[in-house]
Structure formats: structure tokens, C-alpha cells
Amino acid sequence: MAGENGLESDQQVDMRLNSGPPVGPYAPGVTAPPPGPFVPGVSAPKYGPFVPGSPGGSANFASTPAEKKAAAGTIETELEPNTKKAAEHADDATNTAHKGFDGWETAAGLKKVADTWDQQVKTLMGRLAGEKGALRGASGLFARNDTGLHNQFVSQSKLNGL
């Protein structure tokens, strides 16, 4: 398949579909090529949906302790109780249907679906509780981290005590 001096083979390699730049890491001082390809005359977008200051994005990534507390409160007062209520409603309806199909293969299928549903609800409730706890602990964690780093630098500084 190779033509003159292997040029044909090289061209085929360059023409592969869905090929992109090699996945990093790149050598020091070498940056990854921009994502693309883009239509001629169209440049890469300058903003992503989550970049600070981008259209449709927030001005910064930070949220205040009050916003974290409010989000945790929403999880506790709305999401957790409503999820539990919806799960109980589905369990009641499934149990009623299960009784109606007693002795049929459908009853066994409903039992399996109900068990799967219960496990998914349990997992979701665990995630909600975890997110709630993380939101409530985040601002305290940052403050403790900052204080710990401050104390570490102060104890190691030769300027300390001057």
C-alpha cells in the first residue's frame, strides 16, 4: 500500500476519522491543541457553560455559607420527605397489584421490580443525606483548612515572633 517513500501510508494515518490529539500529559511547555475541528472561519468558543463570567453562567463558582445552608435545608425539608412519600405511594400501589396477580408470573415480576425500586430509593436517600451533610460541613471545612494552613505557616516562619 505504501507509495513513494511511504507517503501514501502517512496520508492514510492523517485521514483517520474521529482521531484527535494525543491524550496528555504533554511535555513541559507544550499545551494541548485546541478542541476542534471547527468550520473554517469559526473559532472555538471562548466560554463554557460553567466558566465564571460566561453567558448563562454565574459570576463566580463560590457560594456563601447561607446558600449552602439553604440548599441543605431544601434537601431536608422538601427532597427527602417528598422522595420518601413517593416511594411509599409506589410501594402501596405495587403491593396492591402484587396481591391481585397472586399465583401468576406477573406477581413474581412485580416483586422483583418492587425490590429493585426499594434499593434505588434507599440509594437515593443515602445520596441526599450525604449531599446535605456535605453542604452543611463545607464552609466549616474550608475555615478549618484555612486556619490549619495559617498555623502551619506561622510555626515554620522565621519571621514569627519578630
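This text goes with the structure placed above it.
Below, the structure is looked at part by part.

For the protein chain, the helix and strand inventory stands at three helices and zero strands. Reading the protein chain from its N terminus to its C terminus gives the helix and strand order α-α-α. Residue burial in the protein chain is summarised as follows: out of 162 residues, 10% are buried. Put simply, 48% of the contacts in the protein chain that link residues at least 6 apart link residues at least 24 apart. For the protein chain, the exposed surface amounts to about 13,400 Å²; the carbon and sulfur share of it is 61%.

The next subject is helix 2 (residues 65-100). Quick reminder: α-helices carry 3.6 residues per turn. Residues three or four places apart thus point the same way. Across its 36 residues, helix 2 extends 51 Å between first and last C-alpha, which sits within 8% of the 52 Å expected from 1.5 Å per residue. Of all the bends found along helix 2, the most pronounced is centred on Ile75 and spans about 35°. Within helix 2, burial applies to Lys68, Ala72, Gly73, Ile75, Glu80, Thr83, Ala87 and Thr94.

About the criteria used
All residue numbers here refer to positions counted from 1 along the written sequence of the relevant chain. Predicted model: local features are reported for residues with pLDDT of at least 70 only, side-chain atom pairs are reported and counted for 80 or more only, and whole-chain, interface and lining totals are derived from all residues. Calculated side-chain values reflect all of the structure's heavy atoms, with hydrogen atoms and water omitted. We count a stretch as a helix when DSSP gives it H or I for four or more residues in a row; a strand needs E for two or more, and each element gets its number in order from the N terminus. Three exposure classes are used, based on accessible area relative to the maximum for each residue type with a 1.4 Å probe and protein chains only: buried under 20%, partly exposed in between, and exposed over 50%. Only heavy atoms matter for contacts: two residues are in contact if any of them lie within 4.5 Å across the pair. Shrake-Rupley sampling with a 1.4 Å probe provides the accessible areas, and residues are treated as covered by the protein chains on show and by no other component. Multiply 1.5 Å by the residue count of a helix minus one, and that product is the helix's expected span. Bend is the name given here to the angle between axes fitted to two runs of seven residues, the run ending at a residue and the run starting at it.

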